[in-house]
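Working through the structure, step by step
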Amino acid sequence: MNDKFTLSQNDYEEAANFLDIELPALQAVAKIESFGSGFTDSHKPTILFEGQVFWKELSKRNLLNKTLSTYKNIDDILYKAQTRKYYKNGDAEWERLNRAKKINEEAAICSTSYGMFQIMGFNYDICLCTSVLEYEVLNFASAKEQLLLFCKYIHTEGLTKYLKDKNWKTFALRYNGPGYAKNKYDVLLEQYYREFKK
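Fair warning: this is a prediction, and the values are worked out from it, not measured in the lab.

The rules we used
- Residues numbered from 1 in each chain as written.
- Predicted model: local features only at pLDDT ≥ 70, side-chain atom pairs only at ≥ 80, totals over all residues.
- Heavy atoms only, no water.
- Phe/Tyr/Trp six-rings, centres within 6.5 Å; stacked < 30°, edge-to-face > 60°.
- Helix = DSSP H or I, 4+ residues; strand = E, 2+ residues; numbered from the N terminus.
- Buried < 20%, exposed > 50% of the residue type's maximum accessible area, 1.4 Å probe, protein only.
- Core = buried A, V, L, I, M, F, W, Y, C linked by side-chain atoms within 4.5 Å.
- Contact = heavy atoms within 4.5 Å.
- Polar contact = N/O pair within 3.5 Å; in protein donor to acceptor, adjacent residues only side chain to side chain.
- Salt bridge = Lys/Arg side-chain N within 4 Å of Asp/Glu carboxyl O.
- Axes fitted to C-alpha atoms, helices over the stretch in contact; angles between N-to-C directions.
- Parallel < 35°, antiparallel > 145°, perpendicular 65-115°, else oblique.
- Left-handed = near helix turned anticlockwise from the far one by under 90°.

Looking at the packing of aromatic side chains
All told, the structure shown has eleven aromatic pairs when counted by the stated rule. Relative to Y135, the ring of Y114 lies with its centre 5.6 Å away and its plane at 85°, an arrangement referred to as edge-to-face. Taken as a pair, Y114 in strand β2 (residues 112-114) and Y135 in helix α7 (residues 132-141) lie far apart in primary sequence, 21 residues in all. Each member of the pair, Y114 as well as Y135, is classed as buried. Each residue in the set F117, F150, Y153, F171 and Y175 is aromatic and connected to the rest through ring pairs, giving one cluster.

As for the nonpolar core
Of all hydrophobic cores here, the largest spans 60 residues; its most connected members are F54, F117, F150, I154, F171, Y175 and Y185. Once you skip the residues sitting within four places of it in the chain, F171 turns out to touch V29, I154, L159, Y162, L163, N176, Y185 and L189.

Observations concerning the side chain of S111
Note that S111 resides in the loop between α6 (105-110) and β2. A polar contact is formed between the side chain of S111 and the backbone oxygen of A107, at a distance of 2.6 Å. With near-sequence residues (within four places) excluded, S111 lies in contact with L48, F49, E50, V53, F54, E57 and M120.

Considerations on the pattern of salt bridges
The final tally for this structure, using the stated rule, is 15 salt bridges. We note a salt bridge from E93 to R96, for which the minimum N-O separation is 2.4 Å. In this pair, E93 and R96 are both assigned in helix α5 (residues 92-103), three residues apart and thus about one turn of the helix distant. Per residue, the accessibility class of E93 equals that of R96, and both read buried.

What about the packing of helix α1 (residues 9-19) against helix α8 (residues 143-156)?
Interaxial distance between α1 and α8 falls to 11 Å at its minimum, and their mutual angle equals 15°. Of the possible angle classes, the one that applies to α1 and α8 is roughly parallel. When you trace α1 past α8, the crossing you get is right-handed. Here D11, Y12, E14, A15, F18 and L19 of α1 come into contact with α8, specifically with K144, L147, C151, I154 and H155.

So, unusual backbone geometry
Positive phi values are uncommon outside glycine, yet H43 reaches one of about 70°. Within the secondary structure, H43 sits in the loop between α2 (23-34) and β1 (47-49). Residues other than glycine seldom take positive phi values, yet K166 does so here, at roughly 60°. Along the polypeptide, K166 turns up in the loop between α9 (160-164) and α10 (168-176). The exposure class assigned to K166 is partly exposed, which follows from its relative accessible area of 26%.

Structure below.
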């Protein structure tokens, strides 16, 4: 892979210094989120499209009823309750996103988690982007840009202190949501941290 698609040790060190946290703590989050890569085999950002978020985003824009009555065969991209059964992973996940974009581009991007750290598009402003479209463009730019978006996100959200204090449970809850325990997010964070610490 081209250097643009991978993070160097120096990139990690700069980010850890910026956040004032230990390097292994940052590397642990990177590993648990996407096993160290923010790009697919075809060099698109790693994504996960969430149909239940798309439902909410279309509702916010008063487009839900119109969408449900206009479009056919969209059960795998538009649904009310969270489910993993439609996930395709890798490049195949882009097929779902691109179909959703044809309904409403901004709502579709807002409903997708991007890059190495899988930050949802609706958080674009927390990542200090002026629009959700800019957020997507920056995720395409490079692995380093994805890392910078993550740094901005956790700094703005006040999550840095939990990584600094090795408070894995609170970081997992705030970053990954209430389902973190079922996924053993906090346990894996600590495990990976110890591995990188060696």
